[in-house]
Amino acid sequence: MIKDISVKQLKIGMYIEDMAASWLNHPFLRTKRLIKSEEEIKKIKHYGILSVKINTGKGIDTDQPDDVQDLSQAAAPDPTGSEPEVAKPISSGPNETPPSAPAASTDTVPLRDEMTRMENVYQDTLNKARIFLNQAKNGEPIDLEEVSANVDALMNSVFRNRYASSTLIKLKTFDEYTYTHSVNVCVLSLTLGRHLDFSPSLLKTLGIGAIFHDLGKTAVPQEILNKPGPLTEEEFEEMKKHSLFGAKILKNTVHISREIIECALYHHEKYNGLGYPKGLKADQIPFLAQVISLADVYDALTSKRVYRGKVSPHETLKIMYGNRGDHFNPALVAKMVKCLGVYPIGSLVTLETGEIGLVADINPDDLIHPQVLLLFDQHARRRSRPEMLDLSIQPHGSEEGAHRIVEVEAPEKRGINPADYLLK
Ligand SMILES: [Fe+2]
C-alpha cells in the first residue's frame, strides 16, 4: 500500500516511493529507496522535504516496530543501485567493442582543451551537414562516407571528455538553426549514448541516425519551416510529414540500416502514445529514437528561434523532467539529467552566501555541487578577479550543503556571456 507520511515518521526499513519535493531541491536523483540508516533520514530532513510516500509492501509501515523486519528482506533491492533501469537495445556482438574502446567513466582530456579541439571538428561537421541537406533537397545521393567520418570524430570527442562537445554547442552560435540542429542532436545523442554505456558500433548507429533525424524537413515548404509564429492545424499536419519523408529518403540511400531509418521515422513518437506518425507507446518506440527525441527537444528549447528566445539548459531539463512519462521515457530523462548535470555548464547560479557565478565544470558524483567560477561577491558586486569554487568541498566545520545553489538565472540578464569565461 502507498501511504503519505510526514518525514518525522520516517524509520529505518521503510521504502520510499516518492518525495514531495522538486527534483532540484534535493540531491536524490533516485527517490525510490529503502531507508537503511539514520544518516539517510537526517539527509532527507536536511533538504527540507516535509512528506514522503512510502510503500508498505516493500518496507515497514508506520505502526510496525523498527525491529520487526530484517532489512535484508524488507524490499527487493533496486537492481541498478541508482536510478530506474533503462532498457538498452541488444547489440553487442563479439567484435563490437574494440579492446581500445575507452572506459565510459573516465575522461582523458580536460574540458577546456577538448572544447578548443572540438571547435574545428564541429565546424567541419556543419559544413558536411549543409552539403548532405542540399543533396537530399535536390534528390541527389547522400555522401554517407563523409558523414560517417565526422560522426566518428564527434564520437571520439565525447569519449575524450563527456561534457566538452555538449557544452561547446550551447556556448557558441555557429550557423543557422537548420544545420546546427542536425549536428547538435548528434552531439547530444552521442553524449547520452556514452553515459548509457553504448558499444562503439551502437553509438555510431545512433550518431548517424541523429544527424539524419530531420532529413525529411528538406521536403517541407520553407514558409512552414521558417514561419515566425505558431503553425495552423493544416501547416502542422504538413510539418508532421517530415518523419515519413526522412525515412523515405534514407530508404533510398545505400548502406543505411533499418535502425537509422527508424530514428528519422519515430523521433516524434511520445512515451504516452500521443506522438506521430504512428502513435507508438513506451517500449514500442525504438530505443535509439527515444534517445534522439530527448536530444531533439533539448536542443530545440535551448536554441534561439525566430518566434521565441532560448530557454536555459537548466530550465529545459526541468521542463523535460516535468514531462517524464508523458513525452519521454522517465528512466531516460533521469539519465539525461545525470549526464548533463542538474546545473549544466554555463548556468549562472546564486549561492546561499549571495555570491554569483558560472557553472564551469560538473562533479559527476555530486551533481548539485558543481564547480563554479565566482563572478560577483555576496553584495552582488562584480569581482575584479573571478575565482573558482568547488561546491562539493564543504567549508571546514560546516553542515553538508553549505555551498548550496539557491537560484539560477539567465547569464544575459547580468550582461554575462559564458563563452567569454569558459572558452578562454
Ligand atoms: Fe523532427
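In this text the structure is predicted, and so the values were computed from the model without any measurement.

Q: Summarise the packing of aromatic side chains; cite the residues concerned and give the values.
A: One pass over the structure, following the stated rule, counts 3 aromatic pairs. Centre to centre, the rings of Phe198 and Phe287 are 6.1 Å apart; their planes meet at 50°, and the pair counts as tilted. Of this pair, Phe198 sits in the loop between helix 6 (177–195) and helix 7 (200–211) while Phe287 sits in helix 12 (residues 287–301), and the two are 89 residues apart along the sequence. With respect to class, Phe198 is no different from Phe287; both count as buried. With a centroid separation of 6.2 Å and 90° between ring planes, the pair formed by Phe236 and Tyr276 is classed as edge-to-face. Linking Phe236 in helix 9 (residues 233–240) with Tyr276 in the loop between helix 11 (258–266) and helix 12, this pair joins segments that are 40 residues apart in sequence. Here Tyr276 falls in the buried class, since its relative accessible area comes to 13%. Residue placement shows Arg305 over the ring face of Tyr177; its charged tip is 3.7 Å from the ring centre.

Q: Describe in detail the sheet that holds strand 9 (residues 405–409), supporting the description with residues and values.
A: Pairing is antiparallel in the open sheet, where 5 strands are placed in the order 8-7-6-5-9. Edge strands, defined here as strands with exactly one partner in the open sheet, are strand 8 (382–390) and strand 9. Each neighbouring strand pair of the sheet contributes to a mean axis angle of 35°, computed without reference to strand direction. Bridging between strand 5 (residues 348–351) and strand 9 involves 4 bridges; their strand directions are antiparallel. Bridge pairing in strand 9 places Leu348 opposite Glu409.

Q: Summarise the coordination of the iron ion; cite the residues concerned and give the values.
A: Around the iron ion, the protein supplies Asp214 (OD), His242 (NE2), His267 (NE2) and His268 (NE2) as donor atoms, at distances of 2.2 to 2.3 Å. Relative to the metal, the 4 donor atoms surrounding the iron ion lie at angles of 85 to 173°, and the coordination shape comes out irregular. Site description for the iron ion: donor spacing in sequence, D-x27-H-x24-H-H. With Asp214 in the loop between helix 7 and helix 8 (222–225) and His242 in helix 10 (residues 242–251), this pair connects stretches of sequence that are 28 residues apart. The same class applies to Asp214 as to His242, namely buried.

Q: How would you summarise the side chain of Asp299 if you had to cite specific residues and measurements?
A: With respect to the helices and strands, Asp299 occurs in helix 12. Take Asp299: its relative accessible area is 0%, and that puts it in the buried class. Among all residues touching Asp299, those that are not within four sequence positions of it are Lys170, Tyr177, His181, Asn184, Val185 and Leu188.

Q: Break down the pairing of strand 2 (residues 15–19) for me, with residues and values.
A: Put simply, side chains in a regular strand alternate between the two faces of the sheet. Counting buried positions along strand 2 gives 4 out of 5 residues, so the element sits mostly inside the fold. Of the strand pairs in this sheet, strand 2 and strand 3 (residues 33–34) are connected by 2 bridges, and their pairing is antiparallel. Residue pairing across strands places Ile16 opposite Arg33, the latter belonging to strand 3. Where strand 2 meets strand 4 (residues 51–55), 3 bridges bridge the pair, whose relative direction is antiparallel. If you follow Asp18 over to strand 4, its bridge partner there is Lys53.

Q: Could you give an account of the packing of helix 7 against helix 11, naming the residues involved and the relevant values?
A: Where helix 7 meets helix 11, the axes come as close as 8 Å, and the angle between the chain directions of the two elements is 40°. In this view, helix 7 runs oblique relative to helix 11, as classed from their interaxial angle. With respect to the hand of their crossing, helix 7 and helix 11 are arranged in right-handed fashion. Each of Thr205, Ile208 and Gly209 in helix 7 lies in contact with helix 11, whose residues at this interface are Glu259, Ile260 and Cys263. For the contact of helix 7 with helix 11, a count of residues per class yields 3 nonpolar, 2 polar and 1 charged.

Q: Provide a residue-level description of helix 3 (residues 111–137), including the pertinent values.
A: In this model, helix 3 (27 residues) spans 37 Å end to end at C-alpha, consistent with the 39 Å of a helix rising 1.5 Å per residue. Within helix 3, the axis deviates most sharply at Met118, by approximately 35°.

Q: Give me the side chain of Thr316: which residues, what numbers.
A: Structurally, Thr316 can be placed in helix 13 (residues 313–322). With a relative accessible area of 0%, Thr316 lands in the buried category.

Q: Quick one: what's the story with the pairing of strand 8, residue by residue and with numbers?
A: Looking at chain direction, strand 7 (residues 371–376) and strand 8 are connected through 5 bridges and run antiparallel. Bridged to Gln371 within strand 8 is Asp390. Where strand 7 folds back on strand 8, the antiparallel hairpin that results is connected by 5 residues, among which Ala380 adopts a positive phi of roughly 60°.

Q: Describe the pattern of salt bridges, and please don't skip the residues or the numbers.
A: Under the defined criterion, the tally for this structure stands at 21 salt bridges. With a closest N to O distance of 2.6 Å, Lys170 and Asp299 form a salt bridge. Of this pair, Lys170 sits in helix 5 (residues 164–171) while Asp299 sits in helix 12, and the two are 129 residues apart along the sequence. A salt bridge links Glu387 to Arg383; the nearest nitrogen and oxygen atoms lie 2.7 Å apart.

Conventions we followed
- Residues numbered from 1 in each chain as written.
- Predicted model: local features only at pLDDT ≥ 70, side-chain atom pairs only at ≥ 80, totals over all residues.
- Heavy atoms only, no water.
- Phe/Tyr/Trp six-rings, centres within 6.5 Å; stacked < 30°, edge-to-face > 60°.
- Helix = DSSP H or I, 4+ residues; strand = E, 2+ residues; numbered from the N terminus.
- Buried < 20%, exposed > 50% of the residue type's maximum accessible area, 1.4 Å probe, protein only.
- Lys NZ or Arg CZ within 6 Å of the ring centre and 35° of its normal.
- Pairing = 2+ DSSP bridges.
- Axes fitted to C-alpha atoms, helices over the stretch in contact; angles between N-to-C directions.
- Donors = N, O, S within 2.8 Å, 3.2 Å for Na, K, Ca; no water.
- Tetrahedral: all angles 85-135°; square planar, octahedral: opposite > 155°, others 65-115°.
- Contact = heavy atoms within 4.5 Å.
- Parallel < 35°, antiparallel > 145°, perpendicular 65-115°, else oblique.
- Left-handed = near helix turned anticlockwise from the far one by under 90°.
- Nonpolar A, V, L, I, M, F, W, Y, C, P; charged D, E, K, R; others polar.
- Expected span 1.5 Å × (residues − 1).
- Bend = angle between axes of the 7 residues up to and from the residue.
- Salt bridge = Lys/Arg side-chain N within 4 Å of Asp/Glu carboxyl O.

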